[in-house]
Amino acid sequence: MNTKNILTINNLSVEINNKIIIDNLSISINTGEVHAIMGKNGSGKSTLAKVIAGHPNYNIIQGSIILNNQDITYMEPEKRSREGLFLAFQYPVEIHGVSNADFLRLAYNAQQKARNQPELDPLSFFELVNKRVQSIEMDTSFLARNVNEGFSGGEKKKNEILQMNLLNSKLAILDETDSGLDIDALKIVSNNINNFKTASNSIVLITHYERLLNYIVPDYIHIMENGKLIHTGNANVAKQLERYGYDSIKANI
């Protein structure tokens, strides 16, 4: 399989309120790979995801973020999205007054326009999204409801996966997608993530638990602590964590 680099982070340090929260972090991800980032609460996992996506509250004090050979370190979030970056939020927000169907169609057409591809009218888009909704076992009535309004935790996470599939992103960062999912929803979401994976895109999973990684087997697992990646290993690292905890990893560094 021919691979190419899709994300490289070089010596990245980030602060908020004069406190360092990402500390000289480097990582490289190639197409066709699944990477998992694990760590205790407060280790910097979600912060790293937000920084890659371009959250304005964080101040980059050194380093670079290269997506698909383009420097996106200081690029606006919407431009990062057009370059193929997708972030599924740990806590998806509700958007009052905006139907899910309209939100998804506008996002889809914005990507199509950026890629010089034809945009879809509402009827054509409904035909497309209806097939995707069925694949994640969501009721089509969710398309008529406001974005995430009144959705359960699991329904919000399914909606994020629906967005990921529609936008056909090059790099999908999924921040604790497994939280709030019962076992049936976890299997459905995991199956869709596995089906999304191709030789030309990459997935980053941020999670606390082994259970997600039982369904989506990562090529690499990175352990994060105090804003640093302190260990990288294969899928067996998750089993070690489940059995012995994070201190077992630190003891062998």
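Everything quoted here is computed from the prediction, not taken from an experiment. (Residues numbered from 1 in each chain as written. Predicted model: local features only at pLDDT ≥ 70, side-chain atom pairs only at ≥ 80, totals over all residues. Heavy atoms only, no water.)

> In this structure, what is going on with the nonpolar core? I would like to understand it.
Burial of nonpolar side chains together is a common tendency in soluble globular proteins. Leu174 and Leu205 are the most contacted members of the largest nonpolar core, which has 41 residues in total. Once residues lying within four places of it in the same chain are set aside, the contact partners of Leu174 are Phe86, Ala88, Ile161, Met164, Ile193, Ile203, Val204, Leu205 and Ile206. Membership of the second largest hydrophobic core comes to 29 residues, among which are Ala49, Ile52, Met75 and Leu171. (Core = buried A, V, L, I, M, F, W, Y, C linked by side-chain atoms within 4.5 Å. Buried < 20%, exposed > 50% of the residue type's maximum accessible area, 1.4 Å probe, protein only. Contact = heavy atoms within 4.5 Å.)

> Whenever I open this one, unusual backbone geometry confuses me. Can you help?
Leave glycine aside and you will find that most residues have negative phi; peptide bonds, for their part, are mostly trans. Despite not being glycine, Asn18 has its phi angle at roughly 65°, a positive value. Relative to the elements of secondary structure, Asn18 occurs in the loop between strand S1 (5-16) and strand S2 (19-30). Phi is positive for Asn116, close to 60°, though the residue is something other than glycine. Checked against the element boundaries, Asn116 lands in the loop between helix H3 (100-114) and helix H4 (122-135). A residue is classified by how much of its surface remains accessible, and Asn116, at 71% relative accessible area, is exposed. (Helix = DSSP H or I, 4+ residues; strand = E, 2+ residues; numbered from the N terminus.)

> What's the story with the environment of Ile136 in this structure? I'm lost.
With respect to the secondary-structure elements, Ile136 resides in the loop between H4 and strand S8 (146-147). Considering only alpha carbons, one finds Ile136 and Asn191, 55 residues apart in sequence, at a separation of 8.6 Å. The contacts of Ile136, once residues within four sequence positions are left out, are Lys158, Ile161, Leu162, Ile188 and Asn192.

> For this particular structure, what's the right way to read the sheet that holds strand S11 (residues 220-225)?
The pairing of strands in a sheet happens through backbone hydrogen bonds and is either parallel or antiparallel. An order of S6-S9-S10-S3-S11-S12 is seen for the six strands of this open sheet, with the pairing classed as mixed. Unpaired on one side and paired on the other, strand S6 (85-88) and strand S12 (228-233) mark the two borders of the sheet. Mean inter-strand twist for the sheet, computed between neighbouring axes without regard to direction, equals 20°. The sheet contact formed by strand S9 (residues 171-175) and strand S10 (residues 202-206) spans five bridges and is parallel. What sits directly across from Leu174, in S10, is Leu205. (Pairing = 2+ DSSP bridges. Axes fitted to C-alpha atoms, helices over the stretch in contact; angles between N-to-C directions.)

Read these as layout, nothing more, since geometry by itself doesn't imply function.
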